[in-house]
Structure formats: structure tokens, C-alpha cells
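Understanding the architecture of this molecule
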Amino acid sequence: MKCPLCKGTMERGETTLPFELGADRVVVVKHVPALTCQQCGDYFVELDVTKRVEKFVAVATKDGLTLGFLDYQQAA
Ligand SMILES: [Zn+2]
């Protein structure tokens, strides 16, 4: 697939997704599989991956986590 912004080549890689869950709750998910543009660095995360990340974040933050890092590889 081509980058929607610059038409550059998108390649499989990983990205880091920050999730804001409110004013004082931020969770960053590392190692999320994504298509990354080799030219401008824009990325595209597939829908099933996004859904899995959201579920993962929801479970992790149930324990009262307000700030932290999660690793996608541990959710899979
Ligand atoms: Zn691009």
C-alpha cells in the first residue's frame, strides 16, 4: 500500500501508540505492528490490531494504572 499523505512506500514495522484515557491517564503501547511510510514516517495500524490494543489497554487500566507503558507483544 502507498502512503495516503506522500504516496511513499509503506512497509511493515512497529510503532508506539499513545492512549489518552482522560485528563490524567496516559498509556503508551509499544511494539504495535503497523505499516510505516519510509518517506514521511506516517503510519497505519490495521483495524484488528487497533481493536486488540484497545482491549489490552482496557484490561491493563482496570487495575488503576494511570500512567505507563504496555508492550503489545505481551498481549498477543
Ligand atoms: Zn508518507
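Residues numbered from 1 in each chain as written. Predicted model: local features only at pLDDT ≥ 70, side-chain atom pairs only at ≥ 80, totals over all residues.

This part takes up the nonpolar core. Core analysis: the largest hydrophobic core is formed by ten residues, namely Leu17, Val27, Val29, Val32, Ala34, Val53, Phe56, Val57, Leu70 and Tyr72. Contributions of two or more residues to this core are made by strand E2 (26–37) and helix H1 (47–61). If you tally residues by element for this core, the top one is E2, at four residues. Dropping the residues within four chain positions of it, Val32 is found in contact with Glu14, Thr15, Thr16, Leu17, Val45, Val49, Val53 and Tyr72. (Core = buried A, V, L, I, M, F, W, Y, C linked by C-beta atoms within 7 Å. Buried ≥ 20, exposed ≤ 12 C-beta atoms within 10 Å, placed from the backbone. Helix = DSSP H or I, 4+ residues; strand = E, 2+ residues; numbered from the N terminus. Contact = placed C-beta atoms within 7 Å.)

Quick look at the environment of Gly41 now. With respect to the element layout, Gly41 can be found in the loop between E2 and strand E3 (43–44). Separated by 35 residues in sequence, Gly41 and Cys6 have C-alpha atoms that sit 9.9 Å apart.

In this model, the protein carries an average pLDDT of 91, and 99% of its residues clear a pLDDT of 70 or more. Averaged over each element, pLDDT in the protein is lowest for helix H2 (residues 72–75) (85) and highest for E2 (95). (pLDDT = per-residue confidence, 0-100.)

Trans peptide bonds make up the majority, and among non-glycine residues the majority have a negative phi. Phi at Lys7 takes a positive value of approximately 65°, unusual for a residue other than glycine. In this fold, Lys7 is placed in the segment before strand E1 (10–20). Residue classification places Lys7 among the exposed residues on the basis of 11 C-beta atoms within 10 Å. Here His31, not a glycine, exhibits a phi torsion of approximately 60°, which is positive. Inspection of the secondary structure puts His31 in strand E2. By the C-beta count within 10 Å, which is 16 here, His31 ends up partly exposed.

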